[in-house]
Amino acid sequence: AASMFRTNSFHHGSYSILLSCIVIALAIIVNLVVSVLPSSIINLDLSSSKILSISDQTKDIVEDLEQDVTIYALYEGDTQDDTMMQLLDRYKELSDHIKVEVIDPVANPAFTANYDASSLSTGSLIVESEDRYKTIDYYDIYESSYYSDSSSYYGYSTTTEFDGEGEITSAIDYVTSADLPVLYYTTGHDEITLGDTTTSALAKSNYDMQSLSLMSEGSIPEDCGVLMILAPQADFSSDEADMVIDYLENGGKALILTSYTGETLTEFERILDNYGLGTSQGIVFEGDSSSYYQSPMYIIPQYESHDITADASDSNTLALIIQAASLEQKEVRSSVTQTPLLTTSEDAYEKVPENGQFATTEKESGDK
């Protein structure tokens with residue numbers, strides 16, 4: 001990154017897009033997820049005060065259960081994990097609808113044959129309702145890091161993270177939800193791919209993610225909970241843009257990401273223009289030194305007041321957006337409301353690269 005700024009060159013690559021995507025996508029998850037689940041990873045501390053601390057989100061989901069859920073813990077012989085069994089006891093205490101059974105998979109091979117054996121091992125869990133089941137692999141509960149000894153051929157593995165509550169609560173919500181939300185992401189326009197952090201968070205929140213070729217399908221599926229347009233680098237066709245606009249005008253929801261392309265995407269811009277937004281051909285620079293990190297292109301945005309930004313703002317968590325393409329706000333019709341979430345300071349400015357480079361990062365005459 002440092003060398004990039006020394007040469008004043010600009011690369012509109014996946015790195016900047018991915019970081020912007022993660023910031024925006026993780027923020028939007030808070031607003032869109034049907035039941036907000038505990039998605040943070042618990043730092044390993046197996047003291048009773050930590051491991052038995054149940055979050056408010058879990059309490060809300062479990063205490064509101066109206067159907068029975070059985071959690072099968074798979075342990076051979078007497079190899080039960082005391083930490084996990086104590087956590088499962090907490091779930092039973094929260095609701096009479098929760099039942100826990102310990103199953104020996106070796107002694108009862110016929111039992112595990114009814115489930116997806118590829119995701120089962122000793123220490124795994126099966127969470128089941130009358131409608132469906134979900135398996136939780138041991139290695140999704142306990143995450144380990146491997147350390148090698150440079151002076152020998154030996155190494156060792158140590159447990160670094162525990163996410164028992166997050167996995168169990170997500171599974172309970174999955175097996176008891178009447179309608180599971182489906183996220184469709186468009187393809188065919190050189191869109192970006194979401195990173196593992198974001199896709200894992202969405203999967204844990206029980207979203208079903210499916211790709212969508214608008215040209216092939218001819219319409220947006222009726223079960224689409226959210227349409228995701230992830231920073232296209234190539235334009236939509238007129239018919240595709242019409243499909244998106246019709247979907248949104250009839251109550252659909254969308255998460256639309258943009259990035260710098262250096263090109264005018266006419267039909268994609270028409271989708272944004274329908275809601276009083278547009279993209280610009282420049283990159284945002286922050287002129288206030290307290291609002292960027294190391295370089296004016298490494299922006300630390302200000303949080304605007306909204307439920308989506310409340311947790312991050314209240315905890316004084318900083319966001320970092322790199323090489324951001326600006327959004328233009330236009331006049332909107334009375335039925336449209338625009339609510340900014342992240343903004344720059346009043347000293348920010350926009351520069352347009354020439355041949356992928358900036359002559360200077362300083363504000364010049366003519367910079368918007």
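Residues numbered from 1 in each chain as written. Predicted model: local features only at pLDDT ≥ 70, side-chain atom pairs only at ≥ 80, totals over all residues. Heavy atoms only, no water.

Some details on the overall build of the chain
Broken down by element type, the chain carries 13 helices and 19 strands. For the chain, restricting intrachain contacts to residue pairs at least 6 apart in sequence, the fraction spanning at least 24 positions comes to 72%. For the chain, the accessible area works out to roughly 19700 Å², and carbon and sulfur atoms hold 45% of it. (Helix = DSSP H or I, 4+ residues; strand = E, 2+ residues; numbered from the N terminus. Contact = heavy atoms within 4.5 Å. Areas by Shrake-Rupley, 256 points an atom, 1.4 Å probe, with all protein chains shown as cover.)

A word on the environment of Gly 77
Position of Gly 77 relative to the elements: it lies in the loop between strand E2 (69-74) and helix H5 (82-94). Spatially, the C-alpha atom of Gly 77 lies 6.4 Å from that of Asp 104, the residues being 27 residues apart in sequence.

Digging into unusual backbone geometry
Peptide bonds are mostly trans, and most non-glycine residues show a negative phi. Unlike most non-glycine residues, Ala 231 shows phi in positive territory, near 50°. Note on placement: Ala 231 falls in the loop between strand E10 (224-230) and helix H11 (238-249). When its relative accessible area of 1% is taken as the criterion, Ala 231 is described as buried. The backbone phi angle of Gln 294 is positive, close to 70°, even though this residue is not glycine. Of the residues examined, Gln 294 reaches a relative accessible area of 61% and is grouped as exposed. (Buried < 20%, exposed > 50% of the residue type's maximum accessible area, 1.4 Å probe, protein only.)

Overview of the pattern of salt bridges
If the charged atoms of two oppositely charged side chains come close together, the side chains can form a pair. In this structure the tally under the stated criterion is eleven salt bridges. In this structure, Glu 93 and Arg 90 form a salt bridge, with 3.3 Å as the shortest nitrogen-oxygen distance. Highlighted residues: Glu 93 and Arg 90, both in helix H5, separated by three residues, approximately one helical turn. Its salt-bridge partner being Asp 273, residue Lys 330 comes within 3.0 Å of it at the nearest N-O pair. Residue Lys 330 is located in the loop between strand E17 (325-329) and strand E18 (342-343), and its partner Asp 273 is located in helix H12 (residues 266-273); the two are separated by 57 residues in the primary sequence. Among the residues examined, Lys 330 registers a relative accessible area of 32% and is labelled partly exposed. The exposure class of Asp 273 is partly exposed, given its relative accessible area of 40%. A single salt-bridge network, built from bridges that share partners, covers Asp 242, Glu 267 and Arg 270. (Salt bridge = Lys/Arg side-chain N within 4 Å of Asp/Glu carboxyl O.)

Section: the pairing of E10
Taking burial as the measure, the seven residues of E10 include six buried ones, the bulk of the element. Two strands pair when backbone bridges link them, and strand E8 (residues 182-186) and E10 are joined in this way by four bridges, in the parallel orientation. Among the inter-strand pairings, Leu 183 is bridged to a residue of E10, identified as Val 226. Taken together, the four bridges between E10 and strand E11 (residues 254-257) define a ladder with parallel strand orientation. Bridge pairing in E11 links Ile 229 to Ile 256. Of the crossover connections in this fold, the one passing from E10 over H11 to the parallel E11 is right-handed. (Pairing = 2+ DSSP bridges. Right-handed = clockwise from strand over helix to strand, strands pointing away.)

Some points on empty space enclosed by the protein
Counted under the stated rule, the structure contains three cavities of 30 Å³ or more. Here the largest cavity is characterised by a volume of approximately 100 Å³. Considering the residues around the largest cavity, the lining is formed by 14 residues, among which Ser 259, Thr 261, Glu 263, Glu 269 and Thr 279 are closest to the centre. Going through the elements one at a time, H12 and strand E12 (277-285) are the ones with two or more residues in the lining of the largest cavity. Tallying contributions element by element places E12 first for the lining of the largest cavity, with three residues. Its residues placed into classes, the lining of the largest cavity shows five nonpolar, seven polar and two charged. (1 Å grid on protein atoms, 1.4 Å probe; cavity = no way out; pocket = protein on both sides within 12 Å on 5 of 7 lines; lining within 4 Å. Points joined across faces, edges and corners; volume = space filled by probe spheres on them. Nonpolar A, V, L, I, M, F, W, Y, C, P; charged D, E, K, R; others polar.)

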